[in-house]
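What the coordinates show
Take a look at the letters that make up each chain.
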Amino acid sequence: MNNDVSENPRTLGETVTAEIRRKLVEGELVPGQRLSEAALSESLDISRNTLREAFRVLTQEGLLKHEPNRGVFVSVPDMASIIEIYRARRFVECQALAQAYPKHPAVKRMREAVNAAQRSAKELDWGAVGTANMAFHAAIVELADSQRLNTFYRHLSAELRLVFGLLNDAEFLHAPYIDMNAAILEHLEACRPHDAAKALDAYLVQSERTILAAYARRGS
């Protein structure tokens with residue numbers, strides 16, 4: 001039976017949208033990639049109408065781009081987008097960390113993400129390091145106990161991963177921040193949230209400069 005009939009269309013559409021967004025966050029879809037309706041609808045076992053609705057939502061979020069007579073493509077971030085993403089990250093993440101409760105359940109997820117990144121680095125799986133890094137920062141946002149912020153950050157994370165995919169050097173982008181994440185977590189676990197937030201702010205400034213410099217080299 002067609003999934004659009006057997007399930008609530010809105011719930012199914014949201015599920016499909018979330019799954020495509022996950023593929024973006026985890027680097028399975030890369031900037032500039034053309035998305036095949038036929039292949040995606042078959043792999044997700046959904047109708048093309050449901051897929052098109054997901055495409056529409058993700059296009060509004062800036063993650064996809066529709067080009068008339070050509071199809072739907074994964075968006076290619078520009079320098080202005082990178083600056084805006086990092087401005088939002090500093091505002092949201094640093095505030096969440098500064099006001100965090102060290103025994104919050106999200107701290108455990110931060111620890112799990114740090115451990116996962118360290119394991120993946122030993123295996124030289126830099127893509128997995130990047131995914132663990134995204135999980136670490138998502139857990140920081142969870143410290144704020146705001147579902148709206150969590151949703152906002154999921155969208156932001158997908159845009160950020162597009163930036164990483166555009167630069168295409170996962171080791172260069174993620175390796176320096178494994179120890180920084182661990183240090184931020186140690187501050188928080190030691191009941192020093194303001195020190196953790198200060199370290200995160202410096203981290204994000206360095207990360208933004210690194211990304212922008214790499215982006216500029218790419219265009220030269």
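Because the structure is a prediction, the values reported are computed rather than measured. (Residues numbered from 1 in each chain as written. Predicted model: local features only at pLDDT ≥ 70, side-chain atom pairs only at ≥ 80, totals over all residues. Heavy atoms only, no water.)

**Overview of the environment of Leu 12**
Among the secondary structure elements, Leu 12 is positioned in helix H2 (residues 9–25). By relative accessible area, which is 7% here, Leu 12 ends up buried. Distance from Leu 12 to Thr 50, taken between C-alpha atoms, is 7.7 Å for residues 38 residues apart in sequence. (Helix = DSSP H or I, 4+ residues; strand = E, 2+ residues; numbered from the N terminus. Buried < 20%, exposed > 50% of the residue type's maximum accessible area, 1.4 Å probe, protein only.)

**Re the sheet that holds strand S2 (residues 64–67)**
The antiparallel open sheet is built from three strands, whose spatial order is S1-S3-S2. Of all strands in the sheet, those with a lone pairing partner are strand S1 (34–35) and S2, marking the two edges. The sheet contact formed by S2 and strand S3 (residues 71–74) spans four bridges and is antiparallel. Residue pairing in the sheet places Leu 64 in a bridge with Val 74 of S3. Docked against the sheet, helix H4 (residues 48–60) engages S1, S2 and S3, running at close to 110 degrees with respect to S2. (Pairing = 2+ DSSP bridges. Contact = heavy atoms within 4.5 Å. Axes fitted to C-alpha atoms, helices over the stretch in contact; angles between N-to-C directions.)

**What to know about the packing of aromatic side chains**
Taken as a whole and judged by the stated rule, the model has one aromatic pair. The interplanar angle of 55 degrees and the centroid separation of 4.8 Å between the aromatic rings of Tyr 177 and Tyr 203 together place this pair among those described as tilted. Of this pair, Tyr 177 sits in helix H10 (residues 177–189) while Tyr 203 sits in helix H11 (residues 193–219), placing them 26 residues apart in sequence. Taking relative accessible area as the criterion, Tyr 177 reaches 5% and is therefore assigned buried. A residue is classified by how much of its surface remains accessible, and Tyr 203, at 3% relative accessible area, is buried. (Phe/Tyr/Trp six-rings, centres within 6.5 Å; stacked < 30°, edge-to-face > 60°.)

**A few points about the pattern of salt bridges**
Summed over all chains, the structure comprises 14 salt bridges. One salt bridge connects Arg 22 with Glu 28, and the closest N-O pair in it is separated by 3.0 Å. You can call Arg 22 partly exposed: its relative accessible area is 28%. Linking Glu 142 and Arg 109 is a salt bridge whose minimum nitrogen-to-oxygen distance equals 2.7 Å. In this pair, Glu 142 sits in helix H7 (residues 126–142) while Arg 109 sits in helix H6 (residues 105–122), placing the two residues 33 residues apart along the sequence. (Salt bridge = Lys/Arg side-chain N within 4 Å of Asp/Glu carboxyl O.)

Honestly, that's just the spatial picture; any functional story needs more than this.
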